[in-house]
Structure formats: structure tokens, C-alpha cells
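So the chains spell out like this:
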Amino acid sequence: MLLIKLWNYLSGYVIIKIVGEYGERLLNQAAMKNLYLWDVKRVNDNELTAKINVKDFFKLARLAKKTRSRIYVLQRVGLFFTISKLKKRKAFLFGALLFVVAIYLMSSFIWNIEIKCPDDDLSTSVIEDLRKWGLREGTFKYGLDKQYYLNKLLTKYKNISWAEIEIRGSKLIVELVKKQLPPELEESTPCDIIASKDGIIEEIVNFRGEALVEPGQTVSKGDTLITGKVVLDQDQDQDQVLLVHAQGIVKARVWYQRAVKVPLVKTKMIPTGNSKKSLVLQLGKHVLNFQFGDIAYNHYDKKTLNEFSILPRLSGGIQFNIVEYAEMKPTKEFLDIEEASREAEAELLLQLKGILKEKKVTQKKMEYMLDSDQTSVIGSMIIEVIEDIGQKREIKYGEEKI
Amino acid sequence: MSEGIRQKISDALDLPQDVILDVPKVILTGRIAAFIENHKGIIQYNSELVKINTSIGVVCIKGAGLLIKTIIADEITVEGKITAIELEE
């Protein structure tokens, strides 16, 4: 019934008044001719009101003459009539359109900038800088280069570890997380120098403080290398201890180890040449797929062939994409041990690239072995570098007496 | 075909009687709506009484504020406060 009502509303119907003694006869005639009448109501002895479809109305008018009754249209209802009425009210339509456009335009600007950060000083400073760089209230929100501002922020403020810019409606939210910097020890604060890594001491140069280790000695992480407690006078029973800010360079041999596993059997995807195309409708961030038939491929590769922009990105970004699905076939590839080893080495070098570049490498060792079930090669690389392992640690009060 | 034979066929084949016998079928929904299938036209209509012609005689629907909700070639729906349905010979 709802469907019929909806159809009647869309196609338009009229409320009519039937005047005449033989109203019933007209109803019967209409029913015989398959004219659809509904909500027939008796007003008085020779008047009826009813609703009828626009198309059927004209047929009914012809029948009315035969049954000697008259038909008057009381009201026109439906989308058809609403549209034709609106056509006469051009100014109203224009106003309504203007309203929609105005709402859209007004919501395309940023009207409010909010900084989410517990530190108020930082927030004020960031908001001022953003204004200076051109991100202020009234900025057009589409096509805003968030990354540009983020980069600028992160380069200027070293104490921000993470930042994000989010646009929610007409509000711009900048979220900041402050970096917890390790407390920089002042020159006057007494401290030790301890080992940050395990290693063998190669060279030790102390500027201030007393060295506790010597070259060739093995140290493990956390060991004190140069102490800030300097004993002044050893002759007396009570040692006179002076606390200083220890300084020095402690170079040590340190090892880094990495291992990778390279399987001897690899599955590779090879295109079979079969492909299917599909249409994708993209409305802003929403994606609608129009598929012609199923993609019956078990494995496939998706590729966008063409993009047709209907509306530019600034005003909603409606576009059609043609996407091609290319069928792929998994094929097995067998590697021999030598090839696998070479691959493992390349992978290891890539992993250790950062260390190899920065530090002085004294030794490099590679080892290969077969996995226990003989399906893969395990390659491991150990590199020995010389680096400064010294790290400052403050001497806390109370600790000094020990 | 006489009525008797039709009745027998309907019984034997278990077919709906209203189809075989060409008789009206009246469905009443509480007191608020009556649905008449297989009618032969409206004889009289006002807000207290609707007389509908059928193959077995006139079906009278009595009540208050009666409204013909829909009318097509073989179906009529009457809505309102229905108080009685009578079958006249």
C-alpha cells in the first residue's frame, strides 16, 4: 500500500467532487474501466468526494457525461503539481538555492582553531605561529596542506614529539604531544659517566673525574666508566670526597647482530593475461563499486585505469574511476642455497645500513646455515664498530657517602 | 453448470469455493474495515449504509462514517465504524 501511495504522490493526483444523483453509477463505471479511485466519501445526498490519479481523471471526465454527473477539481496534490507550482515561483527557488550554497560556503571556512595541549604557553605560541604562517580563522578548509603546517611546526618546536591537524566541520583541531626531553645536566651538577652498551673499552680520555676502567677491559651496560667522586686525600681515615661533573670520551668495541631467514621456495604472482573492468563511483571519501559480473579470480591485482572528475575536489569531488582487475596466478619459484644466501646478505646490509653509515666498522662477519627442516637459509651478520658508549648519570644526594 | 455440480467439483478438487462458485468473499477486519471481493457494483452509498451488488444478492454494510477506501473492478474496501453486515436475497 505504501508503494501505491508513494507512486500516486509522485505521479500526482487530484481530489475531486462528484455532483449528481447517480454518483454510485459513476463509481461502478469507473471500476469497470479499471480507473483507480480511492477515499470516496459522501458529503451529502448528491455530492461525493474522491481521489483519482491525474491520468485516470481525464477518462473519468468522459464517463461523467454519460452518467449525468459533474466533476469539480478541489485540489491538486503530488510532486508533479508541486514542481509546476515551483516553476512559477522562480525567486523562491533561487532563494532556496542561494541558502544551500551559502550554508555550504560558510561551512567551507575554518571558523575556530583549537589547540589540544596541556601546556598553555605552548598552545598560545603555536596558535600565533599558525596565524603568522597563514592558517587563521577564515581560511578555506578544502585543499589545506596539513602536512606543510605540521612540518613547519615540528621543525620550529623541538619539544613537540607528535602533532596532528584535524578538521572537524568548521573547526580546526591541532593536537600536540610534548616531548619528554631527558633533563640536560648542567655543568655544575655532579655526575658519573656510565656505559650505555656492552663492549670492550678501546680508548678512554677523561677530562674531568676519575677513570675506573682501562683499555681492553670488558664492560657491561650500566657500569660506571668515569666517576664524578674524586677522593682528595687518602691518607686520612675519613676520605674527603669531591663531587664533580665527570666528562670524557669512552670508545669501545660494540657488536651488532642481525639475522634473516630466506625461504628456498617462494610464491610469486604472475599475471595470466585475463582481466576484468569495473566502474567505481567516488563521492568524496565514499566509494561505490559497480561490478558487472563477479570477479571470479582467486588472486588479482587492482589497477585504476582512468579517472573522470565530474565535480572538482574542492566542491565535493565526484569522480568515476575505471578499475581493472588482472588475474594473477601463484607460481612457485625455487632458489638454490647460493641465491638465498645472496638475498639474505642484501637484506642484512639493508637492515644495518644506518649503523654501517654512521659508525666506524672494524669487523664484519657473515654466517649462513640451513634451517633444521632444510626449507630456508638463515643468514646472520655480526658487525663490530667502535663508538662512544659514555652516558652521563647524575649523582644523587645521599649516594655520595657510600 | 448448475450450482450443485460446481459445489461438488470444488469439494472434490479442494479448490477455493469463491473462485469456482463465483460468489463474493467478505473479509471483516474488526469493526473498522470490510473487504468485498467479486462484487458487481455499488447500488447505494452514504456514510451510514453501503449496498453492494453481488451474485448472491445485495450485501449491506451498515455503520457510521463509512468511507470507500478503494474501488476497482472486483474489489471494494469500506472503512469506518461497521455495526452490521446483512445479506439480502
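Residues numbered from 1 in each chain as written. Chains lettered and ligands numbered in written order. Predicted model: local features only at pLDDT ≥ 70, side-chain atom pairs only at ≥ 80, totals over all residues. Heavy atoms only, no water.

Here we come to unusual backbone geometry. Peptide bonds are, in most cases, trans, and in most cases residues other than glycine have a negative phi. All names here are of chain A. A positive phi angle is found at N34, which is not glycine, with a value near 65°. For N34, a relative accessible area of 57% puts it in the exposed group. If you check the backbone angles, D39 has positive phi at about 50° while not being a glycine. (Buried < 20%, exposed > 50% of the residue type's maximum accessible area, 1.4 Å probe, protein only.)

All right, on to a nonpolar patch on the surface then. Residues and elements named next belong to chain A. Judged by side-chain polarity, L6, W7, Y9, L10, L79 and I83 come together as a nonpolar surface patch covering roughly 580 Å² of accessible area. If one sorts the elements of the nonpolar patch by residue count, helix α1 (residues 2-11) sits on top with four residues. Secondary-structure assignment places W7 in helix α1. Residue classification places W7 among the exposed positions, given a relative accessible area of 55%. (Patch = residues over 30% accessible without salt bridge, like charges linked within 9 Å, V, L, I, M, F, W, Y side chains within 5 Å. Areas by Shrake-Rupley, 256 points an atom, 1.4 Å probe, with all protein chains shown as cover. Salt bridge = Lys/Arg side-chain N within 4 Å of Asp/Glu carboxyl O. Helix = DSSP H or I, 4+ residues; strand = E, 2+ residues; numbered from the N terminus.)

As a further point, take the nonpolar core. A:I16, A:L60, B:I61 and B:I71 are the most contacted members of the largest nonpolar core, which has 34 residues in total. Not counting chain neighbours up to four residues away, the residues in contact with B:I71 comprise A:L27, A:A31, A:L35, A:L37, A:V40, B:I42 and B:I76. Among the nonpolar cores identified, the runner-up in size contains 27 residues, and A:A195, A:A252, A:V262 and A:I383 belong to it. (Core = buried A, V, L, I, M, F, W, Y, C linked by side-chain atoms within 4.5 Å. Contact = heavy atoms within 4.5 Å.)

Opposite the 14 residues of chain B that make contact, chain A presents 14 residues. Together, the buried faces of chain B and chain A total about 1,300 Å²; carbon and sulfur atoms form 60% of this surface. Three residues stand out in chain B for area buried against chain A, namely B:Y45, B:K69 and B:I71, and they jointly supply 42% of the buried area on that side. Counting the contacts that link chain B with chain A gives one salt bridge. Residue B:K69 pairs with A:D39 through a salt bridge whose shortest N-O separation is 2.8 Å. For the pair chain B and chain A, the interface holds nine residue pairs in polar contact (both at pLDDT 80 or more). Where the side of chain B that touches chain A is concerned, the elements lending two or more residues are β3 (42-45) and β5 (57-72) of chain B. Per-element tally for the side of chain B that touches chain A: the top contributor is β5(B), with six residues. (Buried area = accessible area lost by both parts, 1.4 Å probe. Polar contact = N/O pair within 3.5 Å; in protein donor to acceptor, adjacent residues only side chain to side chain.)

All names here are of chain A. Sheet architecture is open: three strands sit in the order β5-β7-β6, paired in mixed fashion. Both outer strands of the open sheet, β5 (112-116) and β6 (160-168), are each paired with one neighbouring strand and no more. Strand-to-strand twist in this sheet, taken as the mean axis angle between neighbours without regard to direction, amounts to 15°. Pairing of β6 with strand β7 (residues 171-178), which is carried by eight bridges, proceeds in the antiparallel orientation. Bridge pairing in β7 links E166 to I173. (Pairing = 2+ DSSP bridges. Axes fitted to C-alpha atoms, helices over the stretch in contact; angles between N-to-C directions.)

Now for the pairing of strand β3 (residues 47-53) of chain A. As a general feature of sheets, a regular strand has side chains that alternate between the two faces. All names here are of chain A. Of all seven residues making up β3, six are buried, and the element is well covered by its neighbours. Note: strand β1 (residues 13-19) against β3, seven bridges, orientation antiparallel. Bridge pairing links K17 to T49 in β3. Two elements, strand β2 (residues 37-44) and β3, share five bridges in a ladder whose sense is antiparallel. Each bridged residue has a counterpart across the sheet, and for K41 the counterpart in β3 is T49. Where β2 hands over to β3, the hairpin turn is made up of two residues, counted between the paired strands.

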